[in-house]
Amino acid sequence: MTRTRTITAYGRVAGSDTELGGPIRHFENPATAVVRLFAEAGRAVAVSLVLDVRALVTADAHEDRIVFAVVPVPGEPGPVAEAAPPGPDALPRGQRFAAYGLATDPGGRVLLTEIAPGYPGAGRWHLPGGGTDAGEQPGDALIRELYEETGQVGEITELLGVTHRRNPGAVGPEGYPIDWHGVRALYRVLVPAPSQPTVTEAAGGSTAAAAWFAPAELAGLPTTEVVQWALAAPQRGSDRGR
């Protein structure tokens with residue numbers, strides 16, 4: 001049976017176990033989605049940080065849920081944001097949830113993967129990771145992708161945050177343009193016993209190569225915006241096992 005996939009954003013007020021939220025619209029920032037969903041319920045809030053990212057799985061549905069800490073703010077909620085306008089030429093839309101990792105070794109080197117020809121961003125260096133499979137937890141997906149793309153075995157040590165990106169008109173292996181919206185959970189990963197990176201996934205995958213880089217080497221590399229975001233993210237303490 002094919003599971004229905006949805007990506008949702010929920011908010012939780014400090015001291016409460018209740019989570020309020022719902023689906024993220026196409027091109028909507030997950031944090032903005034939480035503010036909108038609370039506003040639709042008549043409550044004004046501000047988002048502080050990401051608490052958790054998890055998959056809720058049943059026999060016929062898979063929900064990738066992002067949970068934010070929210071703080072009530074005085075006054076009435078502002079106007080609810082409208083849905084994103086259609087992309088160029090009303091292209092078919094796709095929304096994907098993925099997990100990526102800023103993977104380092106005990107010496108501080110950073111592990112990156114090169115995007116293969118035929119994929120958006122070809123030739124740029126990217127974080128290891130990729131889309132989650134139906135029924136798969138984000139952390140499990142990341143550790144699987146890390147091994148498939150680099151041959152390394154890693155341990156998740158921290159949830160860095162969540163980013164999103166709309167890429168209208170992207171042409172990938174499908175062979176035709178799609179108005180893509182990607183929502184990505186980003187983690188910090190430790191590879192305790194690093195080795196020479198090897199791409200182990202089947203030929204024709206999205207990864208052309210993988211390599212370790214010393215911090216001083218990163219400035220001259222053509223990297224994706226996800227790499228730049230992760231490198232600039234502050235370390236906020238251990239979230240091991242998420």
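Preceding block: the structure.
Please read all numbers here as calculations on a predicted model, not as lab measurements.

Visitor: Please set out the overall build of the protein chain residue by residue, giving values where relevant.
Guide: Helices and strands together make up the secondary structure of the protein chain, namely 3 helices and 11 strands. Radius of gyration (C-alpha) of the protein chain: 18 Å, near the 18 Å computed for a compact globule of 242 residues. Taken along the three principal axes of its C-alpha coordinates, the protein chain extends 55 × 45 × 40 Å. Evaluated residue by residue, the protein chain yields a buried proportion of 45% over its 242 residues. Considering only intrachain contacts with a sequence separation of at least 6, the fraction spanning at least 24 residues in the protein chain is 70%.

Visitor: Explain the environment of Leu218 residue by residue, including any values.
Guide: Along the chain, Leu218 turns up in the loop between strand 11 (207-213) and helix 3 (225-232). We classify Leu218 as buried; its relative accessible area is 13%. Remark: the alpha-carbon pair of Leu218 and Leu112, spanning 106 residues in sequence, is separated by 9.8 Å. Not counting residues up to four positions away in its chain, the partners in contact with Leu218 are Val110, Leu112, Phe213 and Leu231.

Visitor: Give a detailed account of the pairing of strand 10 (residues 177-190), specifying residues and quantitative values.
Guide: Most of strand 10 is tucked away: 11 of the 14 residues are buried. Direction of pairing for strand 5 (residues 93-104) relative to strand 10: parallel, over a ladder of 12 bridges. Each residue of the ladder has a partner; that of Arg96, found in strand 10, is Gly182.

Scoring rules and cut-offs
- Residues numbered from 1 in each chain as written.
- Predicted model: local features only at pLDDT ≥ 70, side-chain atom pairs only at ≥ 80, totals over all residues.
- Heavy atoms only, no water.
- Helix = DSSP H or I, 4+ residues; strand = E, 2+ residues; numbered from the N terminus.
- Rg over C-alpha atoms; globule rule 2.2 N^0.38 Å.
- Buried < 20%, exposed > 50% of the residue type's maximum accessible area, 1.4 Å probe, protein only.
- Contact = heavy atoms within 4.5 Å.
- Pairing = 2+ DSSP bridges.

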